[in-house]
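Structural description and commentary
Listed here are the chains, written in short residue letters.
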Amino acid sequence: QVQLVESGGGLVQAGGSLRLSCVASRSIFGIRVGWSRQTPGKQREFVATITSGGTTPYTDSVRGRFIISRDNAKNTVYLEMNSLKPEDTAVYYCYTDFDGGRSWGQGNQVTVSS
């Protein structure tokens, strides 16, 4: 079982920036890690992933504004969010794809005011 602890969320005005962090309880070396988000009444939406090889696909709505990165030595994945929009308001969840399945963080609220 993997524990994922997220931090960095909060309230920000449109156009501002936040950086989310997700610390895993075990090594993330060699696996995919990423971020999804969810608003009430909707399924979780893929945001971004970073593979073990450094490939970083993004969903269209955040491409060019968000940057995903990882620090394997710290068991941490980051999501730098820039030029935030009200529609980015959601609970953001970190995930890891170990052989045992996908694990999720507890979620971190991001609220963007207009």
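Residues numbered from 1 in each chain as written. Predicted model: local features only at pLDDT ≥ 70, side-chain atom pairs only at ≥ 80, totals over all residues. Heavy atoms only, no water.

**Some points on the pairing of strand 6 (residues 66-71)**
Covered by surrounding structure in strand 6 are Phe 66, Ile 68 and Arg 70 only, the residues Ile 67, Ser 69 and Asp 71 on the alternate face being uncovered. As judged from the six bridges shared by strand 6 and strand 7 (residues 76-81), these two strands associate in the antiparallel manner. Its bridge partner being in strand 7, Ile 68 is matched across the sheet by Leu 79. Between the end of strand 6 and the start of strand 7, which pair antiparallel, lie four residues, with Asn 75 showing a positive phi angle near 55°. (Buried < 20%, exposed > 50% of the residue type's maximum accessible area, 1.4 Å probe, protein only. Helix = DSSP H or I, 4+ residues; strand = E, 2+ residues; numbered from the N terminus. Pairing = 2+ DSSP bridges.)

**Topic: the environment of Ile 28**
Structurally, Ile 28 is set in the loop between strand 3 (18-24) and strand 4 (33-38). Looking at Ile 28, the relative accessible area reads 1%, which means it is buried. Here the alpha-carbon distance between Ile 28 and Trp 104, two residues 76 residues apart in the chain, equals 13 Å. If we ignore the near neighbours within four places in the chain, the residues touching Ile 28 are Val 33, Arg 70, Asn 72, Asn 75, Thr 76, Thr 96 and Phe 98. (Contact = heavy atoms within 4.5 Å.)

**Brief notes about unusual backbone geometry**
Even without being a glycine, Asn 75 presents a positive backbone phi close to 55°. With respect to the element layout, Asn 75 can be found in the loop between strand 6 and strand 7. If you check the backbone angles, Ser 83 has positive phi at about 50° while not being a glycine.

**What to know about the packing of aromatic side chains**
Tallying each qualifying case throughout the model produces two aromatic pairs. Aromatic side chains Tyr 93 and Trp 104 sit 6.4 Å apart centroid to centroid with 90° between the ring planes, which places their arrangement in the edge-to-face category. Of this pair, Tyr 93 sits in strand 8 (residues 90-98) while Trp 104 sits in strand 9 (residues 101-104), placing them eleven residues apart in sequence. Assessed through its relative accessible area of 31%, Trp 104 is described here as partly exposed. Counting every residue linked through ring pairs, the aromatic cluster contains Tyr 93, Tyr 95 and Trp 104. Lying over the aromatic face of Trp 104, Arg 44 brings its terminal NZ or CZ to 4.4 Å of the ring centre. (Phe/Tyr/Trp six-rings, centres within 6.5 Å; stacked < 30°, edge-to-face > 60°. Lys NZ or Arg CZ within 6 Å of the ring centre and 35° of its normal.)

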